[in-house]
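Listed below are the residues making up each chain.
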Amino acid sequence: MNKVKVSIFTLLLSCGGAAMAQTMEERIANLEEKLQSMTDKQKYAPQIHGILRGKYEYQPDLEASRFEVRNARLSAEGNLSHSSAYKLEVDLCDESAIKMKDAWVRINPYKSLRVTLGQQRMPFSIDAHRNPSAQYFANRSFIAKQVGDMRDVGAAVGASILLPREGQLIIDAGIYNGSNLDNQKTAWFDSPAYSARIQYLPIKGLAFIPSVQHQLIANREASYTSLDFGAYYESSGFHIEAEYLRKFYAHNAFDDCNAIDAMAIYKMPMRKGYLNGISYLLRYDYMDNHSDGKKGFAEGTTRLQQSDAERHRLTAGLTFHVANKYFPTDIRLNYEKYWYPNNGTPKESEQDKLVAELMIKF
């Protein structure tokens, strides 16, 4: 009888142990599933970024001042399943107007190969390709603002290739509608706009960047082709950069335009107080007489009207980098000195001025 009781007790104990083990396995499986779900959510959750730039300018020649919100950008970007990604970026105050900047989807069909479709910045230049959050000065260079800045709707292909000794080659090229962001439904073309850029980084901190761009202007009745070559070197807090652009207009619609941009920046790190660094800035830039095509042709001719007069500019300044882990903040002080040869007429906002800017990123 006692043997029977012991056998029954042993059987119950083993059944209870198996049930407990099964329950523990189920709990572990459920926990792993929840952790995987949380990981997937983090992986595919959209990343929200923003930049706010407010500035004050004083022009001695006019003896006048102004305040301006230069950028108030918001962007959402992230990864999707099957090696794809997306980005949406809008500026709520781009020269007092709301403008869509980026709206594209991307797939990565093979390793570093990427295909992007939608509205995007055309791959061209160094300074013109920078987002406002990456700019060094309060105001953009002539290449970045007047001569080389261009977004369009199209398809681009890019690839990154690793080279020996930490070198890298980055290639981007695309075809586009041809400068018709406002009304894409009527942007039919028989010859597309195009742009291509190569970034050759032979060693860490050194880059050579040639690029080419062809675009339609003046309601698609004229066109231009730009060639650009730039290089930069970064080491021990220094950033040295130079860029040259030449713009050719088809059918002699306007004289060829040359533009130069050269800058030197040194960031001195600081580890105490409210600052984590101070940058010392110096830039020289130049541009010929230039036409962006927005004014169309001079009456009764096939020559485009001039939009910008030939000018030189020297910019010097300081940037104070505020120590803030979550909201990087820069305080910029710039002074811009302009020279207009050949009796060029300056625009109201393109004269000597002192600029103070506060930029916050998140």
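For the structure, check the block above.
Only a predicted model underlies this, so the values are computations on that prediction, with no experimental measurement involved. (Residues numbered from 1 in each chain as written. Predicted model: local features only at pLDDT ≥ 70, side-chain atom pairs only at ≥ 80, totals over all residues. Heavy atoms only, no water.)

**Notes on the side chain of Asn177**
(1) Moving on: Relative to the helices and strands, Asn177 resides in the loop between β7 (168-176) and β8 (193-201).
(2) Moving on: Exposure remark for Asn177: the relative accessible area of 13% places this residue in the buried category.
(3) Moving on: Residues in contact with Asn177, not counting those within four places in the same chain, are Asp152, Val153, Ala187, Phe189, Leu216 and Arg220. (Helix = DSSP H or I, 4+ residues; strand = E, 2+ residues; numbered from the N terminus. Buried < 20%, exposed > 50% of the residue type's maximum accessible area, 1.4 Å probe, protein only. Contact = heavy atoms within 4.5 Å.)

**Description of the pattern of salt bridges**
(1) Moving on: Per the counting criterion, the structure on display carries 28 salt bridges.
(2) Moving on: Asp285 is the partner of Arg313 in a salt bridge, and the nearest nitrogen-oxygen pair spans 2.7 Å. Taken together, the positions of Arg313 in strand β14 (residues 311-322) and Asp285 in strand β13 (residues 275-287) put the pair 28 residues apart, joining distant regions of the chain. You'll find Arg313 and Asp285 in the same group, each marked buried.
(3) Moving on: Within this structure, Arg73, Lys87, Glu89, Asp91, Asp102 and Arg151 form a network of salt bridges that share partners. (Salt bridge = Lys/Arg side-chain N within 4 Å of Asp/Glu carboxyl O.)

**What about the packing of aromatic side chains?**
(1) Moving on: Going through the model one piece at a time under the given rule, you end up with 8 aromatic pairs.
(2) Moving on: Aromatic side chains Phe142 and Tyr338 sit 6.5 Å apart centroid to centroid with 45° between the ring planes, which places their arrangement in the tilted category. A residue pair is termed long-range when its members are at least 10 positions apart, and Phe142 in helix α2 (residues 142-147) and Tyr338 in strand β15 (residues 329-339) qualify at 196 residues.
(3) Moving on: Among the residues examined, Tyr338 registers a relative accessible area of 6% and is labelled buried.
(4) Moving on: Ring plane angle 15° and centroid distance 6.2 Å describe the contact between Tyr338 and Tyr340, whose orientation is recorded as stacked.
(5) Moving on: Pairwise contacts between aromatic rings join Phe142, Tyr338 and Tyr340 into one cluster.
(6) Moving on: One cation-aromatic arrangement involves Lys247 over Tyr224; the distance from NZ or CZ to the ring centre is 4.1 Å.
(7) Moving on: Taking NZ or CZ as reference, Arg311 lies 4.5 Å from the ring centre of Phe142, over its face. (Phe/Tyr/Trp six-rings, centres within 6.5 Å; stacked < 30°, edge-to-face > 60°. Lys NZ or Arg CZ within 6 Å of the ring centre and 35° of its normal.)

**Digging into a nonpolar patch on the surface**
(1) Moving on: Taken together, the side chains of Ile48, Leu74, Leu92, Ile98, Tyr326, Phe327 and Phe362 make up a nonpolar region of the molecular surface, amounting to roughly 750 Å² of accessible area.
(2) Moving on: Within the fold, Leu92 resides in strand β3 (residues 84-94).
(3) Moving on: By relative accessible area, which is 44% here, Leu92 ends up partly exposed. (Patch = residues over 30% accessible without salt bridge, like charges linked within 9 Å, V, L, I, M, F, W, Y side chains within 5 Å. Areas by Shrake-Rupley, 256 points an atom, 1.4 Å probe, with all protein chains shown as cover.)

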